[in-house]
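Spelled out, the chains give:
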Amino acid sequence: MWNMETLRGDGTMVLIASYDRIISKLEKLLKRSDYEFMDYVYKMIKDLPVFNEVKPSLQNKKNNEKSLEFLKDNLKALEMYTRSIATAELDSEYLSIAYANRSAVLFENKYYKECLEDIERALKGKYPSNLVPKLLNRKQKAENLLSSQKIYSYHDTIPKIENKNPLIQSASDSIEIQTSEKWGWHIIAAKDIKAGEVIIVEKPYAQTVDNESKYIHCHECLELCYNMIPCKNCTEVLYCSETCRDEAYMTYHRIECTFFQLGLNEARLFLRVFLKGVTEYKKLKEGNCKKGIYRSDRYKEVYELLTHRCDKSAYDLYQDCLEPIVFHYYLKNNTDILEETDIEHKDHVLKELLLHHCLNVHCNATCIEKPKLKSLGNTDYEKVGKVIYAFHSLLNHSCNANSFPVSYGSHIVIRAQRNIKKGEQVTVNYGFSFNNCHKFERQFKLQKHYHFTCTCDACTNDWPTSEHLRQGKQIPQTFVEKVLKMYGQETVDKKVVNKLLNEAFNIVSSMKAKTP
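In this text, all values refer to a predicted model and were calculated from it rather than measured experimentally. (Residues numbered from 1 in each chain as written. Predicted model: local features only at pLDDT ≥ 70, side-chain atom pairs only at ≥ 80, totals over all residues. Heavy atoms only, no water.)

J.: Looking at this model, I keep getting lost on the environment of phenylalanine 107. Mind explaining?
T.: Tracing the backbone shows phenylalanine 107 in helix H6 (residues 93–108). Accessibility expressed as a relative area gives 16% for phenylalanine 107, which makes it buried. Between the C-alpha atom of phenylalanine 107 and that of lysine 141, which follows or precedes it by 34 residues, the distance is 8.9 Å. Setting aside residues up to four positions removed in sequence, phenylalanine 107 forms contacts with Tyr112, Cys115, Arg138, Lys141, Ala142 and Leu145. (Helix = DSSP H or I, 4+ residues; strand = E, 2+ residues; numbered from the N terminus. Buried < 20%, exposed > 50% of the residue type's maximum accessible area, 1.4 Å probe, protein only. Contact = heavy atoms within 4.5 Å.)

J.: For this particular structure, what's the right way to read unusual backbone geometry?
T.: Note: most peptide bonds trans; most residues except glycine with negative phi. Of note in the backbone geometry, lysine 110 takes a positive phi value of approximately 70° without being a glycine. Tracing the sequence through the fold places lysine 110 in the loop between H6 and helix H7 (112–124). Residue lysine 110 is classed as partly exposed on the basis of its relative accessible area, which comes to 47%. Here the phi dihedral of leucine 222 falls at roughly 70°; this positive angle occurs in a residue that is not glycine.

J.: Help me understand the sheet that holds strand S3 (residues 198–202), please; the structure alone is not making it clear to me.
T.: Hydrogen bonds along the backbone pair up the strands of a sheet, which may run parallel or antiparallel. Taking strand neighbours across the sheet as the criterion, the three strands line up as S3-S11-S10 in an open arrangement whose pairing is antiparallel. Edge positions in the open sheet fall to S3 and strand S10 (403–408), since each of these has one partner strand only. Going across the sheet, the axis of each strand differs from the next one's by a mean of 20°, ignoring polarity. In this structure, S3 lies alongside strand S11 (residues 411–416), joined through four bridges in antiparallel fashion. Residue valine 198 lies in a different strand from S11, and its bridge partner there is arginine 415. (Pairing = 2+ DSSP bridges. Axes fitted to C-alpha atoms, helices over the stretch in contact; angles between N-to-C directions.)

J.: It is not clear to me how the packing of aromatic side chains should be interpreted in this structure. Could you clarify?
T.: In this description, an aromatic ring pair is defined by two values, namely the gap between the centres and the angle between the planes. Counted under the stated rule, the structure contains 17 aromatic pairs. With 5.6 Å between their ring centres and 85° between their planes, phenylalanine 270 and phenylalanine 327 make a pair best called edge-to-face. Of this pair, phenylalanine 270 sits in helix H10 (residues 269–277) while phenylalanine 327 sits in helix H14 (residues 322–334), and the two are 57 residues apart along the sequence. Across the pair, exposure class does not vary: phenylalanine 270 and phenylalanine 327 are buried alike. A ring pair is formed by phenylalanine 434 and tryptophan 463, whose centres lie 5.1 Å apart and whose planes are at 80°; its orientation type is edge-to-face. Within this pair, whereas phenylalanine 434 is found in the loop between strand S12 (427–428) and helix H17 (439–450), its partner tryptophan 463 is found in the loop between helix H18 (457–460) and helix H19 (477–487), the two being separated by 29 residues in sequence. An aromatic cluster of three or more residues is present, and its members are Tyr42, Phe51, Tyr329 and Tyr330. (Phe/Tyr/Trp six-rings, centres within 6.5 Å; stacked < 30°, edge-to-face > 60°.)

J.: Is there a simple way to explain the UniProt feature "domain: MYND-type" (unreviewed entry) in the protein chain in this structure?
T.: Within this structure's numbering, the places UniProt gives as "domain: MYND-type" (unreviewed entry) are residues 218–257. Regarding residues 218–257, the helix share stands at 40% and the strand share at 10%, and the terminal C-alpha atoms are separated by 16 Å. (UniProt positions renumbered as here; feature names shortened; annotations may be inferred.)

J.: Any chance you could explain the side chain of threonine 307 here in plain terms?
T.: Tracing the sequence through the fold places threonine 307 in the loop between helix H12 (299–303) and helix H13 (314–320). Looking at threonine 307, its side chain comes within polar contact range of the main-chain nitrogen of arginine 309, at 3.2 Å. Beyond its immediate sequence surroundings of up to four residues, threonine 307 is in contact with His356, Leu359, Asn360 and Cys363. (Polar contact = N/O pair within 3.5 Å; in protein donor to acceptor, adjacent residues only side chain to side chain.)

J.: Looking at this model, I keep getting lost on helix H2 (residues 19–29). Mind explaining?
T.: Note on helix geometry: an α-helix contains 3.6 residues per turn, so any two residues three or four positions apart are oriented the same way. Considered for burial, the residues of H2 that qualify are Ile22, Ile23, Leu26 and Leu29. For H2, the angular spread of the buried residues around the axis is 120°, confining them to a single face. What points out from H2, more than 90 degrees from its buried face, is the exposed set Asp20, Arg21 and Lys28. (Arc of directions from axis to C-beta.)

J.: Help me understand the pattern of salt bridges in this model?
T.: Pairs may arise between side chains of opposite charge once their charged atoms sit close together. Throughout the structure, instances matching the rule amount to 21 salt bridges. Its salt-bridge partner being glutamate 117, residue lysine 113 comes within 3.0 Å of it at the nearest N-O pair. Within this pair, lysine 113 and its partner glutamate 117 are both found in helix H7, separated by four residues, close to a single helical turn. A salt bridge links aspartate 297 to arginine 295, with the nearest nitrogen and oxygen atoms 2.9 Å apart. Here the salt bridges share partners, and the residues they tie into one network are Asp39, Lys332, Asp347 and Lys351. (Salt bridge = Lys/Arg side-chain N within 4 Å of Asp/Glu carboxyl O.)

J.: Explanation requested: the nonpolar core in the structure shown.
T.: A general feature of soluble globular proteins is that nonpolar side chains tend to end up buried together. Leu26, Val41, Ile45, Ile175, Phe274, Ile388 and Phe391 are the most contacted members of the largest nonpolar core, which totals 122 residues. Membership of the second largest hydrophobic core comes to eight residues, among which are Phe434, Leu446, Cys454 and Cys459. (Core = buried A, V, L, I, M, F, W, Y, C linked by side-chain atoms within 4.5 Å.)

J.: Sorry, what's going on with the side chain of serine 174 here?
T.: Here serine 174 is to be found in the loop between helix H8 (132–144) and strand S1 (175–180). We classify serine 174 as buried; its relative accessible area is 0%. Among the polar contacts made by the side chain of serine 174, one reaches the side chain of serine 172 at a distance of 2.5 Å. Beyond its immediate chain neighbours, meaning those up to four positions away, serine 174 contacts Ile188, Ala189, Ala190, Lys191, Ile193, Glu197 and Ile199.

J.: Can you walk me through the state of the cysteines in this structure?
T.: What makes a disulfide is a covalent bond joining the sulfur atoms belonging to two cysteines. A full pass over the atoms with the stated rule returns zero disulfides. Among the cysteines around cysteine 218, which has no disulfide bond, cysteine 221 carries the closest sulfur, lying 3.7 Å off. Unpaired in this structure, cysteine 454 has its nearest cysteine sulfur neighbour in cysteine 456, at a distance of 3.5 Å. The buried category is assigned to cysteine 454, whose relative accessible area is 5%. (Disulfide = S-S within 2.5 Å.)

J.: Would you mind showing me how to read the confidence of the model for the protein chain here?
T.: Regions with low pLDDT should not have their predicted coordinates read in detail. Of the residues in the protein chain, 90% reach a pLDDT of 70 or more, and the chain-wide mean stands at 88. When pLDDT is averaged over each element of the protein chain, strand S6 (residues 238–239) comes out on top at 98 and helix H4 (residues 64–69) at the bottom at 60. Taken together, the stretch residues 374–378 has pLDDT below 50 and engages in six contacts with residues farther than four places along the chain or on a different chain. (pLDDT = per-residue confidence, 0-100.)

J.: Hey, could you run me through the environment of alanine 248 in this one?
T.: With respect to the helices and strands, alanine 248 occurs in helix H9 (residues 242–262). Here alanine 248 is in contact with Glu220, Tyr239, His253 and Arg254, once residues within four sequence places are set aside.

J.: Any chance you could explain H10 here in plain terms?
T.: For H10, the tally of buried residues reaches nine of nine residues, placing the bulk of the element in the interior. Those residues of H10 lying buried are Leu269, Phe270, Leu271, Arg272, Val273, Phe274, Leu275, Lys276 and Gly277.

In structure tokens form, the structure reads like this:
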């Protein structure tokens, strides 16, 4: 449909052509409404190719011939068969054959449950009758081996909050929300919190899967799945179950699907937030949202997250509104969203909401990654997707944070990193820690990305990075060898991990005791 880098490049060329005149006008419009700002930018860029290259004929529609193309590559068989399934026309023989062929790959890799599911999908479709006996033979073998099913997940079981907060859906009763002129919305400890205590377990309001993971992670829940099923209409979205497919279709994909069929090849998180929330916008503005409880699954909380709109220069806001303008153009001309939206001044509101969420998703989104063990002592990560959490986004930054986040699939779990006293603000690190990043670099990046100057203890006192700390006592070599040995294993025994953690705690305690 369009390439974002190309769009930004073309938009910049339009700006450069009459830079002084346009910037002067944009600076005046900064104080006006967002839809007026966007209308002016649209008039400047309406002749760009992005508004004219996409024709009504759908570019990413189901196509059996294209489906066959993916079966010619045997290097990544599982992904290729999934791509073939995504591309094959609904209820076609091609789709049944692709399911059957993927079941063979799943069987060879000992995913017998998934193999059986794909066999059933093939048999329910138009699978060639002369090939059925071979498929039934595989089914029998898979059923016999089902007890030895390979178990897979890219995360541990999601922890539970012991004492739920009656006023915050995703938090424990050890924290509460406060607001002040200095800190804005922030989180403080309502009572003493012990190191390691789980204080937040939150499910995202919306999520997108990374292109590198799109054939093995569900586009709705982000769970790992080797036998996903496709959207019934477009070729770009896949799900782990009919439940996830139906949920996505009802809440946002019914309209988003049109963009994929027109050629969009990567989901936009801000568009999903917009599509999920637009139906709740009227209720939000009329004040019909239940007050008193902070909900992570409600649009109101996501809508109210910071946008930093007032911190934007005319040039920056011009760049930020390019993509929302394009999405508005195609929403208006290719979907029924205007007819279905019961809001006054709906066209203006839809423009403003698209820009609003482009801005607040940009500064509040979180990347989901999964570890990929490569070699001894070296852990690499790969992207799974991008999500937005309402409550987690209220946590302020510190270069020496007292809590830390861990992803459990699409959920985020926040634990206390050290003991936190009652009344103390709970903080996380936005990716710029004092131990590996100098103060000047931290301050520059935080100001650039989040528009504030950090005043935490590490910044106020200009703490040295870890490379400049005085070398402490040597860790016993036997302990180091145990840790390296554990990192070299494909699977790790949790009992071994807990034993090593206890040993590490004892080593650190003994070092502190001997320190003069």
